[in-house]
Protein chains: 2
Amino acid sequence: MVSGERFLVEYLVTGDEAEAYAKVQDICVEQTVEFPPEFISEEWIKEDVIGRIENFSPAFPNLYKAEISYAVETTAYELTQLLNVIYGNISLKPGILVNRLELSPGLLSMFHGPRFGREGLRKWLQAEGRPLLFTAIKPMGLPASELGKLAYKFARGGIDIIKDDHGLTNQSFAEFTERIKYAAAAVNKANAETGGKSIFVANITGPSDEIRERARLAKRLGAKGLMVAPALTGFDIMRQLADDDGIALPIFSHPAFLGSFTASETSGISHFALYGQITRLAGADAVIYPNFGGRFSFSKKVCEKITEGTKAQMGKIKPIFPSPGGGITLPLIPELLEVYGEEVIFLMGGGLVKRGPDIEDNCRYFRQLIMGKAKADSA
Amino acid sequence: MVSGERFLVEYLVTGDEAEAYAKVQDICVEQTVEFPPEFISEEWIKEDVIGRIENFSPAFPNLYKAEISYAVETTAYELTQLLNVIYGNISLKPGILVNRLELSPGLLSMFHGPRFGREGLRKWLQAEGRPLLFTAIKPMGLPASELGKLAYKFARGGIDIIKDDHGLTNQSFAEFTERIKYAAAAVNKANAETGGKSIFVANITGPSDEIRERARLAKRLGAKGLMVAPALTGFDIMRQLADDDGIALPIFSHPAFLGSFTASETSGISHFALYGQITRLAGADAVIYPNFGGRFSFSKKVCEKITEGTKAQMGKIKPIFPSPGGGITLPLIPELLEVYGEEVIFLMGGGLVKRGPDIEDNCRYFRQLIMGKAKADSA
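All figures in this text were calculated on a predicted structure; none of them were measured in a lab.

Analysis parameters
Residues numbered from 1 in each chain as written. Chains lettered and ligands numbered in written order. Predicted model: local features only at pLDDT ≥ 70, side-chain atom pairs only at ≥ 80, totals over all residues. Heavy atoms only, no water. Helix = DSSP H or I, 4+ residues; strand = E, 2+ residues; numbered from the N terminus. Buried < 20%, exposed > 50% of the residue type's maximum accessible area, 1.4 Å probe, protein only. Contact = heavy atoms within 4.5 Å. Pairing = 2+ DSSP bridges. Axes fitted to C-alpha atoms, helices over the stretch in contact; angles between N-to-C directions. Least-squares fit on C-alpha atoms with pLDDT ≥ 70 in both. Buried area = accessible area lost by both parts, 1.4 Å probe. Salt bridge = Lys/Arg side-chain N within 4 Å of Asp/Glu carboxyl O. Polar contact = N/O pair within 3.5 Å; in protein donor to acceptor, adjacent residues only side chain to side chain. Nonpolar A, V, L, I, M, F, W, Y, C, P; charged D, E, K, R; others polar.

### Thoughts on the overall build of chain A
Stage number 1. When helices and strands are tallied, chain A shows 14 helices and 13 strands.
Stage number 2. Its C-alpha atoms put chain A at 70 × 40 × 35 Å along the principal axes.
Stage number 3. Here chain A holds 379 residues, and 64% of them are scored as buried.
Stage number 4. The contacts of chain A with a sequence gap of at least 6 include a subset with a gap of at least 24, amounting to 73%.

Encoded structure:
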């Protein structure tokens, strides 16, 4: 039987009122018993296990908003099965979008979420009261020693967080161990020289049977954070890494391979729920996503929704940092400061080389812009 | 440096010719170096690491087909990174669809793919020259003992493969160990009585740190196959399970949470590449997908494409079974036999209870239909 505790999922469903309502009724069955209710003889299963429509109302022309509640027991308190109840089979049906989750206290208490969160990550970096600076060593093809030299320049220039490019895993050009060794040592050297507190973040996205070992290895080699692309590895691996006391490093979520979930306005998962709620539940301390105005297609409104999702009330699950990236350049920083305020991590890659050949100086300029100590030029 | 071996990805890209070509050029950079090429000083990185346009031609009005080749070294021979090169960041950009993969011999040789494949699974089941029959125990909420009784009836009635419903993981209603124990024992009992060769397939989709143990446990408890939903767990976990000699059971891929990748005709991954090529590469022996004409929205054409993908030439990677499900009913079987022939696994759930209360008899009738020994009635 069930405890009576239920959690809510808000869906947006296309169609006229009758069509949309039929879809919502179908969701209740499809996501739980997946069986014709008329052939179920146990009354309590029909009452409690099948999803329950708690609300149904028009949202836009031909679009309805529905809240469905599910018994917490259907999730088995597993992230994989929670995602399955929320959007498993219905991901295969058109015109259904997961808009927002409202997880119940008992369910939330079964997840630790991010180990650090915004506050913890600031302490880890000893950086209060300002946006954080983030960049990546690249391009793929450079040897580990060259990538290390880049990491050194970035750290000398005052970038808080220096990460592997998300395409760097264990290629022969710059194997994992060698790359992390060079990059972490380079950042430490720069810190020792400048008194800075920069950290190196290792990309551990890789084979499922190696990720945990790569995380531990990265830590031993001096990495002070980890990056994972949950759409490539599975969200639950991120959760496992975040929960692991033997690892205990901040986790940065990368959006590679995740785009299809938000490619449609009437199907998939909302940016708010996916980059905010689900990514937090899965233990990331910061969520990378493509910023508006860059080379990707996310709108400013969507980026604001993600930011909301990173801090929306979720019991004891900590707020995490939004980390817009993808085409951010130095001239954009003043506008971005107005949009994001100080609770943000700006991820700038190619933008840091476009100003001129002195990368260290470009980084210093980036930092001055962030601190409000320089005006943007047109570089 | 690189070996010179390259693999191909065929993309469909929206736009007029100039727009589409610019998009294709962008893919070459975005999926590899992710860095402005004009700031890369190493000529070989620009020549060999950046993707290379091998073909570009009109496909439909405002839609272009492009073949891009990538150096095999960019993948680090990891499934996660291969998927990242194919569709990582560009999943976040509109109007780009992965249509087809053409993996090179050296790259293919790094993956084992399915352990059984079509031929191996037929041997495992001792069932030659006919479609295979597949069903699921459900609904969620029933205790393990009741689910076991259902498995018994299905096996008595001659269903070849009896699996957990994909929503059954480790809920308190029917915990994993107890459920597998009951179901596997029930199928064995029925086999002993009838001389049948039915198998029970355990759903091991679950927490990343428990999946492998669940696989081993299921095997010890008598399960003769495993089901995984790769969109929930990550594709690479399926690969890991398939490669594990200590497990060595057939693997059934379930499409839960995978729908967004095929929700659009101009974005995502084609059914052919996703359900066929990628699922095979990731080690599934059979791929479950929603059949046409049922309660999902896949068209007949799409189902044919999936079937093509399950057997398209991929070096030594074995062909696997297409397993259409989702709303298949007994009256549909004759038509489906014409479409699929005998190289198919028909997954029927609710359809097996709609004919009447005697489930064992319904299964027997299903089997007779498959064998061409009964005519479809209108039940």
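Next comes the rest of the description.
### As for helix H11 (residues 271–281) of chain A
Residues and elements named next belong to chain A.
Stage number 1. Within H11, 11 of the 11 residues are buried, which leaves the element mostly enclosed by the surrounding structure.
Stage number 2. For H11, the set of buried residues is His271, Phe272, Ala273, Leu274, Tyr275, Gly276, Gln277, Ile278, Thr279, Arg280 and Leu281.
Stage number 3. At the exit of H11 stands Gly283, carrying a positive phi of roughly 100°.

### A closer look at the sheet that holds strand E1 (residues 6–14) of chain A
Residue and element names in this part refer to chain A.
Stage number 1. In spatial order, the strands read E2-E3-E1-E4-E10; together these five strands make up an open sheet with mixed pairing. For this open sheet the edge positions go to strand E2 (52–60) and strand E10 (268–269), each flanked by a neighbour on one side alone.
Stage number 2. In the sheet, E1 pairs with strand E3 (residues 63–71) via nine bridges, with the strands oriented antiparallel. By the bridge assignment, Leu12 is partnered in E3 with Lys65.
Stage number 3. On top of the sheet, helix H3 (residues 79–87) reaches E1, E3, strand E4 (96–102) and E10; it is set at about 40° to E1, its chief contact.
Stage number 4. Across the face of the sheet, H11 comes into contact with E4 and E10 while running at roughly 40° to E4.

### Some details on the relation of the copies chain B and chain A
Stage number 1. When chain B is fitted to chain A, the residual RMSD is 0.0 Å, and the transformation amounts to a turn of 180° plus an axial shift of 0.0 Å. Seen this way, the second copy is the image of the first under a two-fold rotation axis. Closest approach to the rotation axis within chain B is made by the C-alpha atom of Gly234 of chain B, at a distance of 2.0 Å.

### What to know about the environment of Pro250 of chain A
Residues and elements named next belong to chain A.
Stage number 1. Note that Pro250 resides in the loop between helix H10 (235–243) and strand E9 (251–253).
Stage number 2. Overall, Pro250 belongs to the buried group, its relative accessible area being 0%.
Stage number 3. Each C-alpha atom, one on Pro250 and one on Val201, is 8.6 Å from the other, the two residues being 49 residues apart in sequence.
Stage number 4. Among residues more than four places away in sequence, those in contact with Pro250 are Phe116, Leu121, Trp124, Lys224, Gly225, Leu226 and Asp285.

### A look at the interface of chain B and chain A
Stage number 1. The interface is formed by 75 residues belonging to chain B together with 75 residues belonging to chain A.
Stage number 2. In total, chain B and chain A occlude about 6,500 Å² of area from one another, counting both sides; carbon and sulfur atoms represent 62% of this.
Stage number 3. Ranking the residues of chain B by area buried against chain A places Leu92, Met140 and Phe257 of chain B at the top, with a combined share of 12%.
Stage number 4. Taken together, the links from chain B to chain A amount to six salt bridges.
Stage number 5. Across the salt bridge formed by Arg214 of chain B and Glu78 of chain A, the nearest N and O atoms sit 2.6 Å from each other.
Stage number 6. Across the contact surface, chain B and chain A share 30 residue pairs in polar contact (both at pLDDT 80 or more).
Stage number 7. Elements with a contribution of two residues or more to the side of chain B that touches chain A: helix H2 (43–49), helix H3 (79–87), helix H9 (230–233), helix H10 (235–243) and strand E10 (268–269) of chain B.
Stage number 8. Examining the composition of the side of chain B that touches chain A, we find that five residues originate from one element, H3 of chain B, more than from any other.
Stage number 9. Split into classes, the residues belonging to the side of chain B that touches chain A amount to 34 nonpolar, 27 polar and 14 charged.

### So, the environment of Ala186 of chain A
Residues and elements named next belong to chain A.
Stage number 1. Within the secondary structure, Ala186 sits in helix H7 (residues 176–194).
Stage number 2. For Ala186 and Leu147, which are 39 residues apart along the polypeptide, the C-alpha to C-alpha distance reads 9.4 Å.
Stage number 3. When neighbours within four sequence positions are excluded, Ala186 is seen to be in contact with Gly148, Ala151 and Tyr152.

### Focus on the sheet that holds E10 of chain B
Residue and element names in this part refer to chain B.
Stage number 1. If you trace the five strands from one edge of the open sheet to the other, you get E2-E3-E1-E4-E10, paired in mixed fashion. Each edge of the sheet is formed by a strand with only one pairing partner; in this case those strands are strand E2 (52–60) and E10.
Stage number 2. Looking at chain direction, strand E4 (residues 96–102) and E10 are connected through two bridges and run parallel. Residue Leu97 lies in a different strand from E10, and its bridge partner there is Gly268.
Stage number 3. Sheet strands touched by helix H1 (residues 17–30): strand E1 (6–14), E2, strand E3 (63–71) and E4. Its angle to E2, the strand with the most contacts, is close to 145°.
Stage number 4. The strands touched by helix H11 (residues 271–281) within the sheet are E4 and E10, with E4 carrying the most contacts at an inclination of about 40°.

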